[in-house]
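# Architecture and fold: a report
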Amino acid sequence: CRAFSASAGAAVWLAAGGPMRTARAAAPFALPKLPYAENALHPAISARTVGFHHGKHHRAYVDNLNKLVAGTEYAEMPLEKIVLATAGQPERAAVFNNAAQAWNHEFYWCSLKPKGGGAPPASLRARLEADFGGVEACLQELAKAAGSQFGSGWAWLVQDGGKLRVVKTANADVPLTQGLKPLLTVDVWEHAYYLDYQNRRADHVKAVLDDLLNWDFALENLG
Ligand code: MN
C-alpha cells in the first residue's frame, strides 16, 4: 500500500490526493485490488472470509456508490470529498454510508499484512511510548475499542494534531469527518470475522492485532 500522504490534517491530506489507488479519481470507482493474496492472512483470517469480505461486501459498497452518484453533484468528486461532503446529513445517508465504507475498506486492507504485528518501526514505537506509555498499552486500547463498539463499526489508531490516540466509530463512520487522521483500522463488523470466529470478536481482534497489524502502513500515514 502506498502511503496515504505525510501531511497532518484531513484537508491537506485530501488536497494531496488522499489514499485512492484506483485508476480514476472520480466515479465510476473500481474495487481496489487486495494488496496480498486472499489466503495470505491465514490463519488469523481465512481465505473464505477475505474472499467474501473483499469480493462481496467491499464490492457491494463500491457498486452501490457508483449507482447512487451517477448523474449527481458527487459524480466528479474523489471518494474522500464525497465522504466529507455528505457526512452528518441524514438526507445523504445512503451516499455517505457507501462512500465511507468504500474508503474504510480500502484503508482496512492496507492496515493488515501477512506476518504483521510484532514490533513497530523504532520511530513509531517512540510515538506510541510517548502517547500511550508503550506499544502494549496502545494494543490494549485498540482491543478495548474494538471489543466495546456496540454493533457494527471500526477501531482506529489516529493522529489528533500532534498526538496519537485510539477511537472507535459506529457503522460507516470514519474519523476523517472529525478532523482526525487515520493511521490504522480494525473492522469489527460481523462480516469481518463471523465465518471464522462466530461470536468470538475478541479472539478475532487479538489475532489481527498480534499477527496482521501493518505498523509500516501506520508509520507511512503518520505526519
Ligand atoms: Mn467490512
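Before reading further, recall that the structure is shown in the block above.
A few points on the structure. Here the residue numbering is sequential within each chain, running from 1 through the sequence in written order. Since the coordinates come from a predicted model, pLDDT governs what is reported: local features require at least 70, and pairs of side-chain atoms require 80 or more to be given and counted, while whole-chain, interface and lining totals use all residues. To obtain the side-chain values, all non-hydrogen atoms of the structure were used and water was disregarded.

### A word on the overall build of the protein
Threshold: Helical segments are the DSSP runs of H or I of at least four residues, strand segments are the runs of E of at least two, and each set is numbered from the N terminus. The cut-offs for exposure are 20% and 50% of the maximum accessible area for each residue type, with area from a 1.4 Å probe on protein chains only; residues under the lower value are buried, those over the upper are exposed, and the others partly exposed. Per-residue and other accessible areas follow the Shrake-Rupley method at a 1.4 Å probe size, with only the shown protein chains counted as cover for residues.
Looking only at helices and strands, the protein has 9 helices and 3 strands in total. Helices and strands appear in the protein in the N-to-C order α-α-α-α-α-α-β-β-β-α-α-α. Evaluated residue by residue, the protein yields a buried proportion of 51% over its 223 residues. Here the protein has roughly 9,800 Å² of accessible surface; of this, 54% comes from carbon and sulfur atoms.

### Re the coordination of the manganese ion
Keep this limit in mind: Only N, O and S atoms count as donors, using a 2.8 Å limit from the metal and a wider 3.2 Å limit for Na, K and Ca, and since water is excluded some coordination spheres may look unfilled.
Summarising the metal site, the manganese ion is bound by the protein donors H53 (NE2), H105 (NE2), D187 (OD) and H191 (NE2), whose distances to it range over 2.0 to 2.1 Å. Site description for the manganese ion: donor spacing in sequence, H-x51-H-x81-D-x3-H. With a gap of 52 residues between them, H53 in helix 2 (residues 47–69) and H105 in helix 4 (residues 93–111) connect regions that are remote in the sequence. For the residue pair H53 and H105, the accessibility class agrees, reading buried in each case.

### Some remarks on the environment of V205
Condition: Residue contacts are defined here by distance: any two heavy atoms, one from each residue, within 4.5 Å place the two residues in contact.
Its place among the elements puts V205 in helix 8 (residues 201–211). Taking the relative accessible area as the measure of exposure, V205 reaches 4% and is therefore buried. Separated by 19 residues in sequence, V205 and V186 place their C-alpha atoms 7.7 Å apart. Non-local contacts of V205, meaning those with residues more than four positions away in its chain, are made with A143, A146 and V188.

### A few points about helix 3 (residues 79–86)
To keep things clear, this is the line we draw: Directions are taken from the helix axis to each C-beta atom, and the arc is the one they span.
Along helix 3, the residues classified as buried are L79, E80, I82, V83 and T86. Burial along helix 3 is one-sided: seen end-on, the buried residues are contained in an arc of 160 degrees. In the segment just after helix 3, G88 is the residue with positive phi, at about 75 degrees.

### Some remarks on the pattern of salt bridges
When the charged atoms of two side chains with opposite charge come close together, those side chains can pair. Rules: Definition used for salt bridges: Asp or Glu carboxyl oxygen within 4 Å of a side-chain nitrogen of Lys or Arg.
Following the criterion strictly, the structure yields 7 salt bridges and no others. In this structure, K113 engages D216 in a salt bridge whose closest nitrogen and oxygen atoms are separated by 3.0 Å. Taken together, the positions of K113 in the loop between helix 4 and helix 5 (122–132) and D216 in helix 9 (residues 215–221) put the pair 103 residues apart, joining distant regions of the chain. Here K113 falls in the partly exposed class, since its relative accessible area comes to 25%.

### Some details on helix 6 (residues 135–148)
Basically, it comes down to this: Helices are assigned an expected span. That span is 1.5 Å times one less than the residue count.
Between the first and last C-alpha of helix 6 there are 20 Å, a value that for 14 residues agrees with the 20 Å anticipated at 1.5 Å per step. Residues of helix 6 that are buried: V135, C138, L139, L142, A145 and A146. Take helix 6 and look down its axis: the buried residues cluster within an arc of 125 degrees, on one side only. Every exposed residue of helix 6 that faces more than 90 degrees away from the buried side is listed here: E136, Q140, K144 and G147. Elements that come into contact with the buried residues of helix 6 comprise helix 5, strand 1 (153–160), strand 2 (163–170), helix 8 and helix 9.

### Details of the sheet that holds strand 1
We apply this condition: Note on pairing: DSSP must find at least two bridges between two strands before they are called paired. Under this scheme, a helix contributes an axis fitted over its contacting stretch, all axes are lines through C-alpha atoms, and angles between N-to-C directions fall in the 0 to 180 degree range.
Taken in spatial order, the 3 strands make up an open sheet running 2-1-3, and their pairing is antiparallel. Only two strands of the sheet have a single partner each, and these edge strands are strand 2 and strand 3 (181–187). Averaged over neighbouring strand pairs, the angle between their axes works out to 25 degrees when direction is ignored. Pairing between strand 1 and strand 2: 8 bridges, direction antiparallel. If you follow L157 over to strand 2, its bridge partner there is V166. Against the sheet, helix 4 contacts strand 1 and strand 3, and its axis sits at roughly 85 degrees relative to strand 3.

### Description of the packing of aromatic side chains
Counted only if it meets this: Ring geometry is summarised as follows: Phe, Tyr and Trp rings, the Trp one being its six-membered ring, pair when their centres sit within 6.5 Å, and such pairs are stacked at plane angles under 30 degrees, edge-to-face over 60 and tilted between the two.
This structure, assessed with the given rule, holds 7 aromatic pairs. Between Y61 and W189, the aromatic rings sit 6.5 Å apart at their centres with planes inclined by 75 degrees, giving edge-to-face as the arrangement. Highlighted residues: Y61 in helix 2 and W189 in the loop between strand 3 and helix 7 (194–197), separated in sequence by 128 residues. Comparing Y61 with W189, the two get one shared label, buried. Geometrically, the ring pair formed by F107 and W156 is tilted, given 6.0 Å between the ring centres and 40 degrees between the ring planes. With F107 in helix 4 and W156 in strand 1, this residue pair connects regions lying 49 residues apart in the sequence. This pair shows no difference in class: F107 is buried, exactly as W156 is.

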